[in-house]
Every structure is written in C-alpha cells, then in structure tokens.
Amino acid sequence: MRGRSLEHPLLAWDESASPFRKGRPVQHSEPVRLKLGEPVPPKPRMVDHHSLPAPVVSSRLKECMEPLALQGVQWLPADVRVGDSVLRYWLLHMWQRLACVDRERSVIESSDSGLMVLGIDRLVLDEKLLREVPLQERLAFRLEEATVHLFHRSVVDRMMSLTPPPEGLRFIPVPDWNDSAGFR
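A quick note: this is a predicted structure, and the numbers were derived from the prediction, not measured.

About the cut-offs
- Residues numbered from 1 in each chain as written.
- Predicted model: local features only at pLDDT ≥ 70, side-chain atom pairs only at ≥ 80, totals over all residues.
- Heavy atoms only, no water.
- Pairing = 2+ DSSP bridges.
- Helix = DSSP H or I, 4+ residues; strand = E, 2+ residues; numbered from the N terminus.
- Axes fitted to C-alpha atoms, helices over the stretch in contact; angles between N-to-C directions.
- 1 Å grid on protein atoms, 1.4 Å probe; cavity = no way out; pocket = protein on both sides within 12 Å on 5 of 7 lines; lining within 4 Å.
- Points joined across faces, edges and corners; volume = space filled by probe spheres on them.
- Nonpolar A, V, L, I, M, F, W, Y, C, P; charged D, E, K, R; others polar.

Caption draft 1: Local environment of the sheet that holds strand S2 (residues 32-36). On the basis of which strands lie adjacent, the open sheet formed by six strands has the order S1-S2-S5-S6-S4-S3 and mixed pairing. The open sheet terminates on both sides in strands that have one partner only, identified here as strand S1 (11-13) and strand S3 (49-51). Neighbour to neighbour, the strand axes of the sheet diverge by 40 degrees on average, direction disregarded. Bridging between strand S5 (residues 73-82) and strand S6 (residues 85-94) involves 10 bridges; their strand directions are antiparallel.

So this is what it looks like as structure tokens:
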C-alpha cells in the first residue's frame, strides 16, 4: 500500500489501461505511459513505490524482487511524466488472481447477486485453499474478489531489508487489512 505522505503523488494512466484489466499477461512493446494523478502535490517527491492502484516501483525494488521469479507477475517498464521530466519506473502487473477470500469469516459487502464484492470490512483468507497452491505461485498475487495486491511475508521481508529502507510503501498484515486501511 502507498505510504502516508502527501508529497508522494498518486499515478494515473497516460494511455488506455484496458489491456491491464483482463487478468492475463499483456503484450506491450513500448514503456507504459503514466503521469501524476490528481491531486498533484505542490512539490511531488518520487519514491520507491507509487500506486496506480497497481504497484509501480523503482528499479531498486524491481531488482530486489526480480530474482524471486514471481509467478503471475509481469514487469513492464513505465515512463512517468513529472513536469518536464520522464522517470523510469516499473509497473508490477499482477495478472494472477486467486479467489481465496473466506466469505464465512470475512466481513464483506456484496452486490445483490453476491457475485461482486463491494467492500471488505474484515479480510480473512481461506487457508485451506491457499495451502493447495504451491508457495511459489502465491508469493505475490491479486485477490480475484477485489483489487487487493498480496505479498507473502518472505517477499515483504526481502524488500524491507534494503538499506536504506524503501520509501513510499507500507505493508498491512491481512488480519489488520480492511477497505479503510490506507487511511490509517
């Protein structure tokens, strides 16, 4: 999740995002074009992680995670327009989605049909289902039920062990996560 600083800008697409919403790898020959999202801070500070809401990370974080060969993850170069400059970042396209919300123990608001999750007040993952997925396949993934990006503890520890620590991101353990976690 993005850090709490108002100096760290949100990012926005500067091209169509539709190919990235289909839950599969994308064919993209040019760097993804991004820009600063509204509201743009008076003095934006570019850090190691920005939210699209998909993770957009610095080369330093990419180099830290890339050796893990995260399955279901595609690294795409992303050029971020910041004023008159263009900065190279990396879009972490997590196309692998796992339907693993424990709907009995989670507190969720669903659509009338029950097919779509509208909000999550308490997130509990289905541990039995996750145990059936090999660890290498669940080191990083997105929930099928909602736009939530999950990282295994070993990936988090690896990123947070960098010196100096990465800026612009924070991790919230699943038991503490809810729709308003980003505002705490």
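Caption draft 2: Spotlight on the pairing of strand S9 (residues 117-122). Where strand S8 (residues 107-110) lies against S9, four bridges are found, and the strand directions are antiparallel. In the strand pairing of S9, valine 107 is matched with arginine 122. Counting the residues in the hairpin turn of S8 and S9 gives six residues, including glycine 114, whose phi is positive at 80 degrees.

Caption draft 3: Broad picture of the layout of surface pockets. Space inside the largest pocket adds up to approximately 1,400 Å³. Every residue lining the largest pocket is counted, 48 residues in all, and those nearest its centre are Val148, His149, Leu150, Ile172 and Trp177. At the level of secondary structure, the elements contributing two or more residues to the lining of the largest pocket comprise S3, strand S4 (55-57), helix H1 (59-65), S9, helix H2 (127-131), strand S11 (149-151) and helix H3 (153-160). Top contributing element to the lining of the largest pocket by residue count: S9, with four residues. For the lining of the largest pocket, the per-class residue count stands at 32 nonpolar, eight polar and eight charged.

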